[in-house]
Amino acid sequence: MSSPALAGRPRPSGLTIGEVLAVLREEFPDVTISKIRFLEEQGLVEPDRTPSGYRKFSHRHVDRLRHVLTLQRDHFLPLRVIREQLDGEGPGPQPSPTGRPGPFVRVLEPGSGPVEGASDVESLARAAEADPALVADLLSHGLVRPAADGWFSPDDVEVVRAAAALAAHGVQARHLRSFRTAADKEVDLVEQVVAPLRRSGRSGRSGAAGEVADTAREVAASCLRLHAALVAGSLARR
């Protein structure tokens, strides 16, 4: 099904990569021309070429790119799996039994410890496109933690991806424990800020819970900006 953003804009010659970027950014603000080219290199889309070699994308190509980006964003599927699905060689994304969005990976049984075996670690590793051994190390050092219902969240997938990028530079999971400690302290700070709102009884009013959540997000974002500025400043001075 073609996007409404493309309706009424017939272009028999196709869209340029810049025009495709403009269309996709309405739904995927972080997409870049480099990303589109990378997806082409990985065989996820094959635009037509003009005699001079310029890419030309049809509406079908744009819809395919949108589908790929949606699977990455909402289901955290590796590109290999997405390609297999598009080629009809693999199953579609499976929903979480909890009804929550994302590829939550079961690692705990209710009332018990972590499930033995490598399958769960491998599932999380596949979601993050990382080495299962790295995921196991991150679990052992508390860098990723399952929720009370025993499922990992999309944030855990991002932690694994970031740790994998650091591992490429020789940084091991045990070196990252200070990040967990710092993150927990920042969460404690956020809780200190919003605690008075909760105690005042304002959170019991209609819409007040949203105010508490908005305040928590604002304080957390400020903590992240402060952390980034401190790191950047220290690097610059060195």
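Residues numbered from 1 in each chain as written. Predicted model: local features only at pLDDT ≥ 70, side-chain atom pairs only at ≥ 80, totals over all residues. Heavy atoms only, no water.

Caption draft 1: Just the overall build of the chain, in detail. A count of helical and extended segments in the chain gives nine helices and two strands. Ordered by position from N to C terminus, the α and β elements of the chain give α-α-β-β-α-α-α-α-α-α-α. Taken across its 238 residues, the chain has 31% of its residues classed as buried. Within the chain, counting contacts between residues at least 6 apart in sequence, those at least 24 apart form 53% of the total. As displayed, the chain has an accessible area near 14,500 Å², and 56% of this comes from carbon and sulfur atoms. (Helix = DSSP H or I, 4+ residues; strand = E, 2+ residues; numbered from the N terminus. Buried < 20%, exposed > 50% of the residue type's maximum accessible area, 1.4 Å probe, protein only. Contact = heavy atoms within 4.5 Å. Areas by Shrake-Rupley, 256 points an atom, 1.4 Å probe, with all protein chains shown as cover.)

Caption draft 2: Expanded view of the nonpolar core. Residues Val20, Leu24, Ile36, Phe57 and Leu65 are the most contacted members of the largest nonpolar core, which totals 20 residues. The set of elements that each furnish at least two residues to this core consists of α1 (17-24), α2 (33-41), α3 (59-75) and α4 (79-86). Not counting residues within four places of it along the chain, the set of residues in contact with Leu24 comprises Val31, Ile36, Val62, Leu65, Arg66 and Leu69. Ranked by size, the runner-up nonpolar core spans 17 residues in total, among them Leu124, Ala127, Ala130 and Val144. (Core = buried A, V, L, I, M, F, W, Y, C linked by side-chain atoms within 4.5 Å.)

Caption draft 3: Up close: the environment of Arg217. Structurally, the position occupied by Arg217 is in helix α9 (residues 208-237). The exposed category is assigned to Arg217, whose relative accessible area is 52%. Along the backbone, Arg217 and Val190 are 27 residues apart, and their C-alpha atoms lie at a distance of 8.5 Å.

Caption draft 4: Examining the pattern of salt bridges more closely. Considering all chains together, one arrives at seven salt bridges under this definition. One salt bridge in this structure joins Glu158 and Arg161, with 2.8 Å as the shortest N-O distance. In this pair, Glu158 and Arg161 both sit in helix α7 (residues 154-167), three residues apart, roughly one turn of the helix. Taking relative accessible area as the criterion, Glu158 reaches 40% and is therefore assigned partly exposed. Taking the shortest distance from any N to any O, the salt bridge between Arg180 and Asp184 comes out at 3.6 Å. Here Arg180 pairs with Asp184, and both are found in helix α8 (residues 177-199), just four residues apart, close to one helical turn. (Salt bridge = Lys/Arg side-chain N within 4 Å of Asp/Glu carboxyl O.)

Caption draft 5: Quick peek at α2. Within α2 the residues assigned to the buried category are Ile36, Leu39 and Glu40. On an axial view of α2, the arc spanned by its buried residues comes to 105°, and they lie on one face. In α2, the exposed residues that point more than 90 degrees away from the buried face are Ser34 and Glu41. At the exit of α2 stands Gly43, carrying a positive phi of roughly 80°. (Arc of directions from axis to C-beta.)

Caption draft 6: Seen up close, the confidence of the model for the chain. Looking at the chain, the pLDDT average stands at 77 and 75% of residues meet or exceed 70. When mean pLDDT is taken per element in the chain, α1 scores highest with 93 and helix α5 (residues 119-128) scores lowest with 72. Residue range residues 4-12 is modelled with pLDDT below 50. Its contacts to residues more than four positions away, or to other chains, number ten contacts. Long-range and interchain partners of residues 107-119, a stretch whose pLDDT sits below 50, account for 15 contacts in this model, where long-range means more than four residues apart. (pLDDT = per-residue confidence, 0-100.)

Caption draft 7: Seen up close, the packing of α1 against α3. It is the contact of α1 with α3, at a shortest axis distance of 11 Å, that shows an interaxial angle of 50°. Taken together, the axis directions place α1 and α3 in an arrangement best described as oblique. Viewed along their axes, α1 and α3 form a crossing whose handedness is right-handed. Contacts between α1 and α3 involve Val20, Val23 and Leu24 from the former and Val62, Leu65, Arg66 and Leu69 from the latter. (Axes fitted to C-alpha atoms, helices over the stretch in contact; angles between N-to-C directions. Parallel < 35°, antiparallel > 145°, perpendicular 65-115°, else oblique. Left-handed = near helix turned anticlockwise from the far one by under 90°.)

Caption draft 8: View of unusual backbone geometry. Its identity is not glycine, yet Glu129 carries a phi of approximately 55°, on the positive side. Relative to the helices and strands, Glu129 is located in the loop between α5 and α6 (132-140). Judged by relative accessible area, Glu129 falls into the partly exposed class, the value being 49%.

Caption draft 9: Inspection of the packing of α6 against α7 at higher detail. Two numbers describe how α6 lies on α7: the axes approach to 10 Å, and their chain directions differ by 115°. For the element pair α6 / α7, the angle class is roughly perpendicular. When the axes of α6 and α7 are compared, the crossing they make is right-handed. Of α7, the residues touching α6 (which contributes Leu134, Val135 and Leu138) are Val160, Ala163, Ala164 and Ala167.

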